[in-house]
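Residues per chain, in single letters:
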Amino acid sequence: MSQFSPGIIIPTYNHGGPLKDVIRELSSLNIPLIIVDDGNCEKQKTLIKQAASLSPNAIIITRTKNGGKGSAMSDGVRYAQILSLTHVLQVDADGQHDLSQVKVFLDAAQKNPDKLINSYPSYDDSAPAIRKNSRWFATKWVHWVTLDSESKDVLCGFRVYPMETYIQLLDQHACIDSRMGYDADILIHYLWKGIQQVQLPVSVTYPKDGVSNFHLVRDNMRISLVFARATFGMLFRLPVLIARSVKRKHAKAAA
């Protein structure tokens, strides 16, 4: 592994307003802040440029059409590859995550360079019950398609990805969902590749005046299709996944 060189990717769609606070809090880190403008309108583009002006490390990558978080992350990762970054922290632009934990996650990545640093949410009273329930369902399904029950959450968009594996997935044209199924789908592909994870908590809030890009029926259907496809993918990988599962059980028994 080369010298630790992290950056942050911030997919942005209709969140130009809260992005200002996100950039302001991250500006002191002195690492690249890659803002991906995912096909925003002109008003939002103006807000994004204003936010980017708050940090000399902010870079705007512009997509001509909205493609979803997965597409935005792919473009951000490709730019991170040009910068020779070794790890990228995914941060949502809506300001829901506790950004004081960024250094904690980056430190964990530096100490565990070959592992994915995943988060699980610590909610306050603002979290809708239906969102909590859907996350439980999604997490159980990832347990099933990976034969790995260690993931505490699979939808939290606050993670540090080792770049080497991410580039491999992009180069292999892995069928990773481009929209709301992305967070679960990319995690599944990392676990299928045998990448271990370190899991840390992060506080999550849902502001009353916040703008959500999540559409309950449409996006839950899309996530269900992701898991249906992943079930077929699991079948092709079943011998390897079973062997890993047995190895984990033996390791726990010996501990």
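Preceding this paragraph is the structure being described.
Each chain has its residues counted from 1, running along the sequence as written. Reporting in this predicted model follows two pLDDT cut-offs: at least 70 for local features of residues, and 80 or more for side-chain atom pairs to be given and counted; totals over whole chains, interfaces and linings ignore these cut-offs and use all residues. Working from all heavy atoms in the structure, the side-chain values ignore hydrogens and water.

Some thoughts on the environment of Leu155
Here's step 1: To qualify as a helix, a DSSP run of H or I must reach at least 4 residues; to qualify as a strand, a run of E must reach at least 2; elements of each kind are numbered from the N terminus. For Leu155, the location among the structural elements is in the loop between helix H5 (129-146) and strand E6 (159-162).
Here's step 2: Throughout, exposure labels follow a simple rule: accessible area from a 1.4 Å probe, protein chains only, divided by the maximum for the residue type, with under 20% read as buried, over 50% as exposed, and the rest as partly exposed. Of the residues examined, Leu155 reaches a relative accessible area of 15% and is grouped as buried.

A closer look at the side chain of Arg63
Here's step 1: Residue placement: Arg63 occurs in strand E3 (residues 58-63).
Here's step 2: Judged by relative accessible area, which is 18%, Arg63 ranks as buried.
Here's step 3: Note on definitions: a residue-residue contact is assigned when non-hydrogen atoms from the two residues lie within 4.5 Å. Among residues more than four places away in sequence, those in contact with Arg63 are Val36, Asp37, Asp38, Gly39, Ser71, Ala72 and Asp75.

Overview of the side chain of Asp94
Here's step 1: Topologically, Asp94 is positioned in the loop between strand E4 (87-90) and helix H4 (102-111).
Here's step 2: Within the structure, Asp94 has its side chain in polar contact with the backbone nitrogen of Gln96 (distance 3.2 Å).
Here's step 3: Those residues within four positions of Asp94 in sequence are excluded, and the remaining contacts are His15 and Pro18. Two N or O atoms form a polar contact when they lie within 3.5 Å of each other; inside protein one atom must be a possible hydrogen donor and the other a possible acceptor, and for residues adjacent in sequence the pair counts only when both atoms belong to side chains.

Considering the environment of Ala52
Here's step 1: Structurally, Ala52 is set in helix H2 (residues 42-52).
Here's step 2: A relative accessible area of 10% places Ala52 in the buried class.
Here's step 3: A sequence separation of 18 residues divides Ala52 from Ile34, and the C-alpha atoms of the two residues are 9.4 Å apart.
Here's step 4: Among residues more than four places away in sequence, those in contact with Ala52 are Ile35, Ala58 and Ile60.

Brief notes about the pairing of strand E2 (residues 33-38)
Here's step 1: In terms of residue burial, E2 counts as a mostly covered element, since six of its six residues are buried.
Here's step 2: Covered by surrounding structure in E2 are Leu33, Ile35 and Asp37 together with Ile34, Val36 and Asp38, the residues of both alternating faces.
Here's step 3: Place the viewer so that the strands point away; then a crossover is right-handed whenever the path from the first strand over the helix to the second strand goes clockwise. Crossover strand E1 (residues 6-12) to E2 through helix H1 (residues 16-26) is right-handed.
Here's step 4: Whether two strands pair depends on DSSP finding at least two bridges between them. Sheet topology places E2 next to E3; six bridges connect them, and they run parallel. Bridging from a neighbouring strand, Leu33 pairs with Ala58 of E3.
Here's step 5: What joins E2 to E3 is H2, and the crossover it makes is right-handed.

A look at the pattern of salt bridges
Here's step 1: Whenever Lys or Arg places a side-chain nitrogen within 4 Å of a carboxyl oxygen from Asp or Glu, that contact is recorded as a salt bridge. The full count for this structure, using the stated rule, is ten salt bridges.
Here's step 2: With a shortest N-O distance of 3.9 Å, Arg248 and Asp148 are connected by a salt bridge. One end of the pair, Arg248, is in helix H9 (residues 238-254); the other, Asp148, is in the loop between H5 and E6, with 100 residues separating them in the sequence.
Here's step 3: Through salt bridges that share partners, Asp38, Arg63 and Asp75 make up one connected network.

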